[in-house]
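Structure at a glance
Chain residues, written in single-letter form:
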Amino acid sequence: MEFEAIAAVNDTIGRVRGGPLLARAFTRHVAALMALTASTFFASGTPHSYAQSLSGDALARRLKSAYPDDISAVEGNAVIFKDGTRLAIDDGGGEKSFDAWLARPDIADMFRFTYPAGEALTVPASDFDPGRARNTAFFEKIYGNCRTGDVRPDLVSVVWLKTKAPQRVLMSARNGVAEKLRGVSAELDALPSRFDRFLTPIAGSYVCRAIAGTSTPSAHGYGIAIDIALSQSNYWRWDQRRDRRHRVPQYRNAIPIEIVAIFEKHGFIWGGRWSHYDTMHFEYRPELIEPSR
Ligand SMILES: [Zn+2]
């Protein structure tokens, strides 16, 4: 089903629910920002502001439980990897504009928006893109840099939809990503046949490339992302040709929530939750989903 018909109704819901509820853990402005409510946030029209809802302790807990193979500790402003490497959580540069957030996020910036795991489908608020910003140093530390060949050794073959229409996809074995995708696949494989057209053939998994229109490495280059059926998908960059009136085209989606919920249960986020929508795209980002879910 196309989503446009109910966009107007859901837009209201999206605006109330969809704001950046997570915090930079170490901002000097936390106290002032706590005074901002969701409604004043949207009324003010400043989508690069922050509100406080994730403490530094919660952020540390999320990172450690998401990446047990690689992270040994989180201390103060540092993520400490098992080989002793340290990366800063907050780069100290203060609040970023939306474009700077997307192009040069620090680790805290990755938590700027609350990813709405398990929630109903809604039209995302303007520039609500939870998980779309990735700190390159962080992900290259965990999965490697595909351009220098150090992602490949960790890639394993996963059989996608063993019963419905078997295909092999390459995913990283680090931190259990491939195993999580096997869990997703097993559950999707058990769905009724009316879901098949959304799931097969897949449009892609591991590819060493930058994100279209940028020089930022794609999640596909880390072996943590999969694109499901192209024929049922909507992507904001493709729709720009169709809708030139808006900076970001009007949101469209056809992917059923049942599919999204299964991915989210296993730690994958969905590009259909982004205002810059990419509805075929799922990537393993367990740090954005509360572990108890
Ligand atoms: Zn993708």
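It should be noted that the structure appears before, not after, this text.
Residues numbered from 1 in each chain as written. Predicted model: local features only at pLDDT ≥ 70, side-chain atom pairs only at ≥ 80, totals over all residues. Heavy atoms only, no water.

1. Some thoughts on the overall build of the protein
Counting its secondary structure elements, the protein contains 10 helices and 8 strands. Sorting the 293 residues of the protein into buried and exposed places 53% on the buried side. Considering only residue pairs separated by 6 or more positions, the protein has 66% of its internal contacts joining residues 24 or more positions apart. Only carbon and sulfur atoms are counted for the fraction: they give 54% of the accessible area of the protein, which is about 12,700 Å². (Helix = DSSP H or I, 4+ residues; strand = E, 2+ residues; numbered from the N terminus. Buried < 20%, exposed > 50% of the residue type's maximum accessible area, 1.4 Å probe, protein only. Contact = heavy atoms within 4.5 Å. Areas by Shrake-Rupley, 256 points an atom, 1.4 Å probe, with all protein chains shown as cover.)

2. A word on the pairing of strand β2 (residues 78-81)
Covered by surrounding structure in β2 are A78 and I80 together with V79 and F81, the residues of both alternating faces. Direction of pairing for strand β1 (residues 71-75) relative to β2: antiparallel, over a ladder of 4 bridges. Bridged to A73 within β2 is I80. In textbook terms, the turn of a hairpin is the stretch between consecutive antiparallel strands, and for β1 and β2 this stretch comprises 2 residues, one of which, G76, has a positive phi near 55°. Across 3 bridges, β2 lies against strand β3 (residues 86-88) in antiparallel orientation. (Pairing = 2+ DSSP bridges.)

3. Description of the side chain of R62
Position of R62 relative to the elements: it lies in helix α4 (residues 56-66). Exposure remark for R62: the relative accessible area of 8% places this residue in the buried category.

4. Looking at the environment of V123
With respect to the element layout, V123 can be found in the loop between α5 (98-103) and α6 (136-143). The sequence separation of V123 and Q250 amounts to 127 residues, and the corresponding C-alpha distance is 9.3 Å.

5. What about the coordination of the zinc ion?
The protein atoms donating to the zinc ion are H220 (NE2), D227 (OD) and H281 (ND1), with metal-donor distances spanning 2.0 to 2.1 Å. Counting the intervening residues between successive donors of the zinc ion yields the motif H-x6-D-x53-H. Of the two residues, H220 is situated in the loop between α8 (196-199) and β6 (225-227) and H281 in strand β8 (residues 281-284); the sequence distance between them amounts to 61 residues. Here H220 matches H281 in class, with each residue buried. (Donors = N, O, S within 2.8 Å, 3.2 Å for Na, K, Ca; no water.)

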